[in-house]
Amino acid sequence: MEEFFHVHTRRCKHGSEETDEILVKKAISLGAKSITFTDHVPFPENPFGNRMDFEELEEYLDSFENLKKLYATQIDIKIGFEVEYLPKYLDYFWFLKNHPKVDLLICGQHMAQYEDTFTCFLESEKKNEIEHRLCIEAMIEGIKSGLFDVVAHPDRCFKRQKEWSEELTELSKRLFSASSEYGVPLEINISSYTKPKKNVFRKDFWLLLEEFNKTAKKKVQTVFALDSHSTEEMESRYNVKVKI
Ligand SMILES: [Zn+2]
Ligand SMILES: [Zn+2]
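Residues numbered from 1 in each chain as written. Chains lettered and ligands numbered in written order. Predicted model: local features only at pLDDT ≥ 70, side-chain atom pairs only at ≥ 80, totals over all residues. Heavy atoms only, no water.

With that settled, consider the side chain of H99. With respect to the helices and strands, the residue H99 is situated in the loop between α3 (90-97) and β4 (104-107). The buried category is assigned to H99, whose relative accessible area is 9%. A distance of 3.3 Å separates polar atoms of two side chains, one belonging to H99 and the other to E58. What H99 contacts, discounting residues up to four positions off in sequence, is E58 and L61. (Helix = DSSP H or I, 4+ residues; strand = E, 2+ residues; numbered from the N terminus. Buried < 20%, exposed > 50% of the residue type's maximum accessible area, 1.4 Å probe, protein only. Polar contact = N/O pair within 3.5 Å; in protein donor to acceptor, adjacent residues only side chain to side chain. Contact = heavy atoms within 4.5 Å.)

What follows is about the coordination of the zinc ion (ligand 1). Each angle at a metal carrying four tetrahedral donors should ideally be 109.5 degrees, and each at a metal carrying six octahedral donors should ideally be 90 or 180 degrees. Binding of the zinc ion (ligand 1) to the protein goes through H14 (NE2), H40 (NE2) and H229 (NE2), at separations of 2.0 to 2.1 Å. When the donors of the zinc ion (ligand 1) are listed by position in the chain, the intervening gaps give H-x25-H-x188-H. In this structure the zinc ion (ligand 2) is found 5.6 Å away from the zinc ion (ligand 1). Here H40 lies in strand β2 (residues 34-40) and H14 lies in the loop between β1 (3-7) and α1 (20-29), a separation of 26 residues in the sequence. Overall, H14 belongs to the partly exposed group, its relative accessible area being 33%. (Donors = N, O, S within 2.8 Å, 3.2 Å for Na, K, Ca; no water.)

Moving on to the packing of aromatic side chains. Tallying each qualifying case throughout the model produces 24 aromatic pairs. Arranged with centres 5.1 Å apart and planes meeting at 90 degrees, the rings of F48 and F118 form a pair that is edge-to-face. On the criterion of sequence distance, the pair formed by F48 in the loop between β2 and α2 (57-70) and F118 in strand β6 (residues 117-118) is long-range, its members being 70 residues apart. Accessibility classification places F48 together with F118 in one group, the buried group. Grouped by ring-pair contacts, the aromatic residues F43, F48, F54, Y89, Y92, F93, F95, F118 and F121 constitute a single cluster. (Phe/Tyr/Trp six-rings, centres within 6.5 Å; stacked < 30°, edge-to-face > 60°.)

Before going further, it helps to spend a moment on the pairing of strand β3 (residues 76-83). On a regular strand, one side chain projects to one face of the sheet and the next to the other, so that they alternate. By the criterion of burial, β3 is predominantly enclosed, with six of the eight residues buried. Bridge count between β2 and β3: seven bridges; the pairing is parallel. The residue bridging F37 from the neighbouring strand is I79, located in β3. Pairing between β3 and β4: four bridges, direction parallel. Residue pairing across strands places E82 opposite I106, the latter belonging to β4. With α3 bridging β3 and its parallel neighbour β4, the resulting β-α-β unit is right-handed. (Pairing = 2+ DSSP bridges. Right-handed = clockwise from strand over helix to strand, strands pointing away.)

Next comes the structure, spelled out in structure tokens:
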């Protein structure tokens, strides 16, 4: 692939410590024409882990603003965030969307808002029961909000559901309808695809989508994503051919 989509940086606290410039240079050396950075979005007061601190937000944007100019003749750099759609933070998301240095937001639902808290703070039994449904509903609301260019790894929210079920079919179809109606593509995540034991890439989901698209007035679009957190992952994933 020549479009390196959904790339994380050292700020996320669960990847390599390589600098932004090293990531850009690696993409160029692998023949990428474009690279889209969508690091995990920080939130004011840092309530969630596994992401940059809120205080790093401007530095992240400035760093890539600078690299865009430096490497303009070699690669098209885009900069954005992977964002959990949480209604509590809607004003903040619009601030990001309208920020002059932000090119795009992608919806990456690792948790969802639940009553006055978030599913990441619930005990696992409760999570197993409700998280996938809340995440799909959040993705649908996210699509309708107009904030997002892509929905990241939509099938990953089913990871706690061992067996495919009628419920998952119904939820998936609702997501396809929203994606089709609003023209927001769904991401085929190569990181998920390369980890079969984690139950994060759901063949049933993608087979259902093929069925959906056969009769849809407007087909659901898909994009491939590296979801890399190091140059090593970039290199091992950019040539993977996904078979559904
Ligand atoms: Zn990550
Ligand atoms: Zn993600």
